[in-house]
Amino acid sequence: MNFKTSILFVKLALLCCAACQEKNDAPAERPNIVFIMADDHAYQAISAYDERLTHTPNIDRIAEDGMLFNNACVTNSICAPSRAVILSGKHSHLNGKIDNIFPFDTTQITFPQILQDNGYQTAMFGKLHFGNNPKGFDQFKILPGQGWYYNPEFITKHDGRIKVEGYTSDIITDMTLDWLANERTEDDPFLLMYLHKAPHREWLPAKRHYEEFMKKSFPEPNTLFDDYKGRGRAAKEAEMNLLTHMNWAGDSKIPPEVMDALGIAETAKWDKGAYERTVGRMTPEQKADWDKIYNPMIEEFSKDYPNMTQEQLMKWRYQRYMQDYLGSIAAVDDGVGRVLDYLDQNNLSDNTIVVYTSDQGFYLGEHGWFDKRFIYNESFKTPLLIRWPHVIDAGTTNSQMVQNLDFAQTFLDAAGITAPSDMQGESLLPLFRGEIEGFRDAVYYHYYEYPSVHMVKRHYGIVTEDYKLVHFYYDIDEWELYDRKKDIYEMNNVYDDPEYADVVAELTEQLAELRIKYKDSPELDQEFIAKYEGLKRWDK
Ligand code: SGN
Ligand code: CA
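Bear in mind that the values here come from a model prediction, so they are computed numbers and not experimental data.

So, the overall build of the protein chain
Inference 1: When you go through the protein chain residue by residue, the secondary structure sums to 17 helices and 14 strands.
Inference 2: Scaling as 2.2 N^0.38, a compact globule of 540 residues should have a C-alpha radius of gyration of about 24 Å, and the protein chain matches this with 23 Å.
Inference 3: Seen along its three principal axes, the alpha-carbon backbone of the protein chain occupies a region of about 75 × 65 × 45 Å.
Inference 4: The buried share among the 540 residues of the protein chain stands at 62%.
Inference 5: Pairs at least 24 apart in sequence give 68% of the contacts found in the protein chain among residues at least 6 apart.
Inference 6: A total accessible area of about 21300 Å² is found for the protein chain, and carbon and sulfur atoms account for 49% of it.
Inference 7: Placing the 57 positive and 86 negative side-chain charges of the protein chain at their respective mean positions leaves the two points 4 Å apart.

Points about the nonpolar core
Inference 1: Counting 151 residues, the largest nonpolar core has Phe-111, Tyr-321, Tyr-325, Tyr-356 and Phe-374 as its most contacted members.
Inference 2: With 17 residues, helix H12 (residues 310-345) is the largest single contributor of residues to this core.
Inference 3: Those residues in contact with Tyr-356, other than ones at most four positions away along the chain, are Ile-36, Ala-38, His-41, Ile-46, Ile-59, Ile-62, Val-332, Val-336, Pro-383, Leu-384 and Leu-385.

Description of the environment of Gly-273
Inference 1: In this fold, Gly-273 is placed in helix H10 (residues 271-278).
Inference 2: Take Gly-273: its relative accessible area is 22%, and that puts it in the partly exposed class.
Inference 3: Through-space distance from the C-alpha of Gly-273 to that of Arg-440 is 46 Å; in sequence the pair is 167 residues apart.

Observations regarding the coordination of the calcium ion (ligand 2)
Inference 1: For the calcium ion (ligand 2), the full set of protein donor atoms is Asp-39 (OD), Asp-40 (OD), Asp-359 (OD), Asp-359 (OD) and Gln-360 (OE1), at a range of 2.1 to 2.9 Å.
Inference 2: For Asp-359, a relative accessible area of 0% corresponds to the buried category.

Structural notes on the pairing of strand S7 (residues 190-195)
Inference 1: Among the six residues of S7, six are classified as buried, and the element is accordingly described as predominantly covered.
Inference 2: Here five bridges tie strand S1 (residues 32-38) to S7, and the two strands are oriented parallel to one another. Bridge pairing links Val-34 to Leu-192 in S7.
Inference 3: Note that strand S3 (residues 121-127) and S7 share six bridges and pair parallel. If you follow Thr-122 over to S7, its bridge partner there is Leu-191.

Focus: helix H2 (residues 57-64)
Inference 1: With six of its eight residues buried, H2 lies for the most part within the structure.
Inference 2: Listing the buried residues of H2 in full gives Asn-58, Ile-59, Asp-60, Arg-61, Ile-62 and Ala-63.
Inference 3: Structurally, H2 contributes buried residues whose contacts are with S1, strand S2 (67-69), H12, strand S8 (352-358) and strand S9 (384-387).

Considerations on the site of ligand 1
Inference 1: Around ligand 1, the surrounding shell holds 16 residues, and the nearest of these are Arg-201, Trp-270, Asp-371, Arg-373 and His-454.
Inference 2: Contacts to ligand 1 include Cys-79, whose backbone N or O atom sits 3.1 Å from an oxygen atom.
Inference 3: In the shell around ligand 1, the residues fall into three nonpolar, five polar and eight charged.

What to know about the pattern of salt bridges
Inference 1: In this structure the tally under the stated criterion is 38 salt bridges.
Inference 2: Glu-237 is the salt-bridge partner of Lys-457, the closest N and O atoms lying 3.0 Å from each other. Within this pair, whereas Lys-457 is found in the loop between strand S11 (442-447) and strand S12 (459-464), its partner Glu-237 is found in helix H8 (residues 233-237), the two being separated by 220 residues in sequence.
Inference 3: We classify Lys-457 as buried; its relative accessible area is 1%.

What to know about the side chain of Thr-156
Inference 1: Position of Thr-156 relative to the elements: it lies in strand S5 (residues 153-156).
Inference 2: Residue classification places Thr-156 among the buried positions, given a relative accessible area of 6%.
Inference 3: One polar contact links the side chain of Thr-156 to the main-chain amide nitrogen of Asp-159, over a distance of 2.8 Å.
Inference 4: A distance of 2.6 Å separates a polar atom in the side chain of Thr-156 from the backbone oxygen of Gly-160.
Inference 5: In contact with Thr-156, not counting residues within four places along its chain, are Phe-140, Lys-141 and Ile-162.

A few points about the packing of aromatic side chains
Inference 1: All told, the structure shown has 39 aromatic pairs when counted by the stated rule.
Inference 2: Between Trp-203 and Phe-370, the aromatic rings sit 6.2 Å apart at their centres with planes inclined by 85°, giving edge-to-face as the arrangement. Here the residue Trp-203 occupies a position in the loop between S7 and helix H7 (207-215), and Phe-370 occupies one in the loop between S8 and helix H13 (377-380), the gap between them amounting to 167 residues.
Inference 3: Residue Trp-203 is classed as buried on the basis of its relative accessible area, which comes to 0%.
Inference 4: Since its relative accessible area comes to 0%, Phe-370 is described here as buried.

A look at the sheet that holds S2
Inference 1: Read from one edge to the other, the open sheet built from 10 strands follows the order S6-S5-S4-S3-S7-S1-S8-S9-S2-S10, with strand pairing classed as mixed. Strands with a single pairing partner mark the edges of an open sheet, and in this sheet they are strand S6 (160-163) and strand S10 (396-398). Averaged over all adjacent pairs, the angle separating strand axes in this sheet is 15°, with direction ignored.
Inference 2: Set on the sheet, helix H3 (residues 79-88) makes contact with S1, S3 and S7; between it and S1 the angle comes to about 165°.
Inference 3: The strands touched by H12 within the sheet are S1, S7, S8 and S9, with S8 carrying the most contacts at an inclination of about 175°.

Brief notes about the sheet that holds S12
Inference 1: With antiparallel pairing, the four strands of this open sheet are ordered in space as S11-S12-S13-S14. Because the sheet does not close on itself, it has two edges, and the strands there are S11 and strand S14 (478-483). Neighbour-to-neighbour, the strand axes of this sheet turn through a mean angle of 15°, independent of strand direction.
Inference 2: Judged from the six bridges that link them, strand S13 (residues 467-472) and S14 form a sheet pairing that is antiparallel. Its bridge partner lying in S14, Leu-469 is registered against Leu-481.
Inference 3: Together, S11, S12, S13 and S14 form the strand contacts of helix H16 (residues 501-517), whose direction differs from that of S12 by roughly 110°.

Reading guide: rules and limits
Residues numbered from 1 in each chain as written. Chains lettered and ligands numbered in written order. Predicted model: local features only at pLDDT ≥ 70, side-chain atom pairs only at ≥ 80, totals over all residues. Heavy atoms only, no water. Helix = DSSP H or I, 4+ residues; strand = E, 2+ residues; numbered from the N terminus. Rg over C-alpha atoms; globule rule 2.2 N^0.38 Å. Buried < 20%, exposed > 50% of the residue type's maximum accessible area, 1.4 Å probe, protein only. Contact = heavy atoms within 4.5 Å. Areas by Shrake-Rupley, 256 points an atom, 1.4 Å probe, with all protein chains shown as cover. Lys, Arg positive; Asp, Glu negative; His and termini not counted. Charge placed at Lys NZ, Arg CZ, Asp CG, Glu CD. Core = buried A, V, L, I, M, F, W, Y, C linked by side-chain atoms within 4.5 Å. Donors = N, O, S within 2.8 Å, 3.2 Å for Na, K, Ca; no water. Pairing = 2+ DSSP bridges. Near = heavy atom within 4 Å. Polar contact = N/O pair within 3.5 Å; in protein donor to acceptor, adjacent residues only side chain to side chain. Nonpolar A, V, L, I, M, F, W, Y, C, P; charged D, E, K, R; others polar. Salt bridge = Lys/Arg side-chain N within 4 Å of Asp/Glu carboxyl O. Phe/Tyr/Trp six-rings, centres within 6.5 Å; stacked < 30°, edge-to-face > 60°. Axes fitted to C-alpha atoms, helices over the stretch in contact; angles between N-to-C directions.

Take a look at the structure:
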């Protein structure tokens, strides 16, 4: 430890003591932090939230021993922007990573850098998706871009680019455990970011889960055949319908030559290519294992397809989607179990905060959709389970409107560090102790990536416990209001209903205030549009 770090430690110890005196229950030692995030993991696919679709016994352990957040949400429901919000503690319009396209500005300070400067050991494994390397990590091994499910490549801090044979979720778990066992020292606390690529599209399970999930069938959501009648253009014009926009080869795993034989056209111009890029990465042995289980499904479909109605096709595609999506979550759950076991067996569980979350929510057939992006419920809400023995009581739930914006300040607070004043979240430490008084009662949301894949229009809005008010803009100027208590599936826009005139007036004002509070503005919206148009990236 050098002189500067020692001084920092003394300062920190003093700070911690002061904090302990205020809150007697705060632990004496600075906690370790294990931040587990899966990509596109819908809360509907975690049995601690909902047992209808699948079982995730290991992820559930975190809630059994800690707290389940029922109202956690994101500020901008898309991958890289969510990660930028998490690391920087700032909304997208301030951290600059408004969509998957704009680069992340690495000159800004992220919470891992602050923890590292304060003596934490830091490591990141898995998917970051920034286009540049993370700062503030002693060790990282990250997937380039979206990464692959089989035989992935990694960008590493010390060994350049490497290729590893095997199944990505298991490899990321192995790397994580290897760091815990062999690189971490016992001298200092650590921050470990364990970031799964699964269950991101194209949903390839591990071999050990093929058979089990291929045999299963799943309950359909009651909005699978939504016709979007009660809403505006944004829902109608989005391109994320299971029947019309999901890829046949890439997503449903009907090989390109079988599509040709059946006369099925590609749904997107990368439909067949996606299959070749993903299934095509398998080694001959891996492909033989895959064929054993996937070929009978393909044969049966080939027989049935000519006589299937549109309704039957929609139902078939939903089942096919769930088999692979939920199948790929099974390996994530296995991995979480291995990491939790390691913590238990090495006496680390007591002083480690374990977080499980996703970069956003995801549609599992609700409203006929897959993907995310919208402020509507399934994409806006994200799973969040946190365990911290001695601070969080086991088996508790929380219903406050917490956001991915809050992680940075929460972790800094837990480490006894004052967060930079320009971070925009709230520490969740009071909520951990059950103190909910005075926590925010409304959240701000802003989505930008349009025109782009899935064609979800630009929008911003405010969400309270009771209502959701949204403004879609750019090539549209439409407002929507949902009564969250009376219309839980968000099927009816009541913005123009005279009965809601007062609610509209009040929320419009609150939304304007939130935009000012978080330093967002119509000028910034225009600035981002102009920059995006300059990039001319989307050509369908
Ligand atoms: C890819 C996917 C999209 C997905 C985006 C963003 N298409 O483009 O379905 O919305 O990533 O996902 S794919 O056919 O290439 O898989 S994100 O999680 O990175 O934001
Ligand atoms: Ca994602």
